[in-house]
Amino acid sequence: MKGYVIKRLLYMIPTLFGASILIFFLYSLVPGNFIDADQNLTAERKAELYELHGYNEPVVIRYFIWLKNLLQGDLGYSLQFQLPVGEVIGNYIWSSFIVALASLILTWLIAILVGIVSAIRQYSIWDTFITIIVFAAMATPSFFLGLVIIKIFAVDLGWLPAGGMISTGSNFTGWAYVKDVAEHMILPVLVLTMLGIGGLTRYFRTNMLEVIKQDFMRTARAKGLKERVVIFKHGLRNALLPAITLFSFELPALFGGAIITEQIFNWPGIGAIYMQAFSVRDYPLLMGFTMFIALLTVLSNLLADILYGIADPRVRVRK
């Protein structure tokens, strides 16, 4: 296992190198930049900024300068925020992370429980009802679902704030601040959970249907074990094995932000900043953040293989 991990870490080097080439040259093919988009700059000032930020250099030279900075931990300089890209990401990514983490936990807990019950009661009224709800959730656009939830819980009932991360003009500290943020999180988390639960529920239902038909499940029942023990100790453990890879791939999503949801609820997350950078052509921020997500994707791939090897000894032996 140790040798396999080392080998996979070495494979990450050419993968990330290829990703850096693809990311840089794709963005370099896009016409214009942040400097060109600013109509208030004179031609002389634009020329100065071009020289300052190295846009006068050939694209290949610019790539190697960018790569050198990456290897030193420098993701670039955001022209929009006038801050290093790493600092911009650090300022906004954690607000996206807490929403994504909360919705991820709720989505998986609900999907596992509902998927198991749906598989056990296959073709029952409950299973049919869940199937309808699941497909309805998968087919509903996030912006429409978000607006409906705001209308119901924020406008009509007035139970929760409609948007933002904290109350306007508030100076809360300590637990009062935590409570305020938590109240503003509820609606975005609810939307993300409803959007993510559909496909995941079907995934667990399918896995559980395959497991409960296996011989070891019949053997467990023949030994006189309670049905609850058979389902949750023997069945669920085996049904969750294929989900390890899926769960590991959620790592980039935790830091990637929910672009549409963050815009609907005016949540100051990295997803909204990413879209804003597109509109103003802040390519250093776009490239730096995309490279950061590429790194997380490669790491999550490695984590998935390691966890699967730990969970299934047969995979460890083959490796």
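An account of the accompanying structure is given in this report. Since the model is a prediction, treat every value here as computed from it, not as a measurement.

Right, let's talk about the packing of helix 5 (residues 85-120) against helix 14 (residues 270-280) for a bit. Packing of helix 5 against helix 14 brings their axes to within 7 Å, and their N-to-C directions diverge by 130°. Between helix 5 and helix 14, the angle falls in the class oblique. Here Val88, Ile89, Tyr92, Ile93 and Ser96 of helix 5 lie close against helix 14, whose contacting residues are Ile270, Gly271 and Ile273. Per-class residue counts for the contact of helix 5 with helix 14 are six nonpolar, two polar and no charged.

This part takes up the packing of aromatic side chains. For the structure shown, the criterion picks out 15 aromatic pairs. Judged by centre distance (5.5 Å) and plane angle (80°), the rings of phenylalanine 24 and phenylalanine 25 are edge-to-face. What makes phenylalanine 25 partly exposed here is its relative accessible area of 27%. Ring centres of phenylalanine 289 and phenylalanine 292 lie 6.4 Å apart, and the angle between their planes is 35°; on these two criteria the pair is classed as tilted.

Looking now at the pattern of salt bridges. Taken as a whole and assessed by the stated rule, the structure comprises two salt bridges. Between aspartate 156 and lysine 151 there is a salt bridge whose closest N-O contact spans 2.9 Å. Given the relative accessible area of 48%, aspartate 156 is considered partly exposed. Judged by relative accessible area, lysine 151 falls into the partly exposed class, the value being 44%.

Where nonpolar side chains cluster on the molecular surface, the patch consists of Phe143, Phe144, Leu147, Val148, Ile152, Leu157, Trp159 and Ile260 and spans about 790 Å² of accessible area. The element contributing the most residues to the nonpolar patch is helix 7 (residues 142-156), with five residues. In this fold, isoleucine 152 is placed in helix 7. Using a relative accessible area of 37% as the deciding quantity, one classes isoleucine 152 as partly exposed.

The next thing to look at is the nonpolar core. Within the largest apolar cluster, 54 residues are counted, with the highest numbers of intra-cluster contacts made by Ile23, Tyr27, Trp66, Ile89, Trp108 and Phe204. Counting residues in each nonpolar core, the second largest holds eight residues, with Ile150, Ala154, Leu187 and Phe265 among its members.

A few words now on the side chain of serine 118. Here serine 118 lies in helix 5. On the basis of relative accessibility, which here comes to 1%, the residue serine 118 falls in the buried class. In this structure the side chain of serine 118 is engaged in a polar contact, spanning 3.2 Å, whose partner is the side chain of arginine 205. When residues no more than four places from it in sequence are discounted, the contact partners of serine 118 are Trp126, Asp127, Ile130 and Arg205.

The next thing to look at is the side chain of serine 103. Tracing the backbone shows serine 103 in helix 5. Residue class for serine 103 comes out buried when judged on its relative accessible area of 8%. Ignoring sequence-local partners within four residues, the contact set of serine 103 consists of Val189, Leu192 and Thr193.

Thresholds applied
- Residues numbered from 1 in each chain as written.
- Predicted model: local features only at pLDDT ≥ 70, side-chain atom pairs only at ≥ 80, totals over all residues.
- Heavy atoms only, no water.
- Axes fitted to C-alpha atoms, helices over the stretch in contact; angles between N-to-C directions.
- Helix = DSSP H or I, 4+ residues; strand = E, 2+ residues; numbered from the N terminus.
- Parallel < 35°, antiparallel > 145°, perpendicular 65-115°, else oblique.
- Contact = heavy atoms within 4.5 Å.
- Nonpolar A, V, L, I, M, F, W, Y, C, P; charged D, E, K, R; others polar.
- Phe/Tyr/Trp six-rings, centres within 6.5 Å; stacked < 30°, edge-to-face > 60°.
- Buried < 20%, exposed > 50% of the residue type's maximum accessible area, 1.4 Å probe, protein only.
- Salt bridge = Lys/Arg side-chain N within 4 Å of Asp/Glu carboxyl O.
- Patch = residues over 30% accessible without salt bridge, like charges linked within 9 Å, V, L, I, M, F, W, Y side chains within 5 Å.
- Areas by Shrake-Rupley, 256 points an atom, 1.4 Å probe, with all protein chains shown as cover.
- Core = buried A, V, L, I, M, F, W, Y, C linked by side-chain atoms within 4.5 Å.
- Polar contact = N/O pair within 3.5 Å; in protein donor to acceptor, adjacent residues only side chain to side chain.

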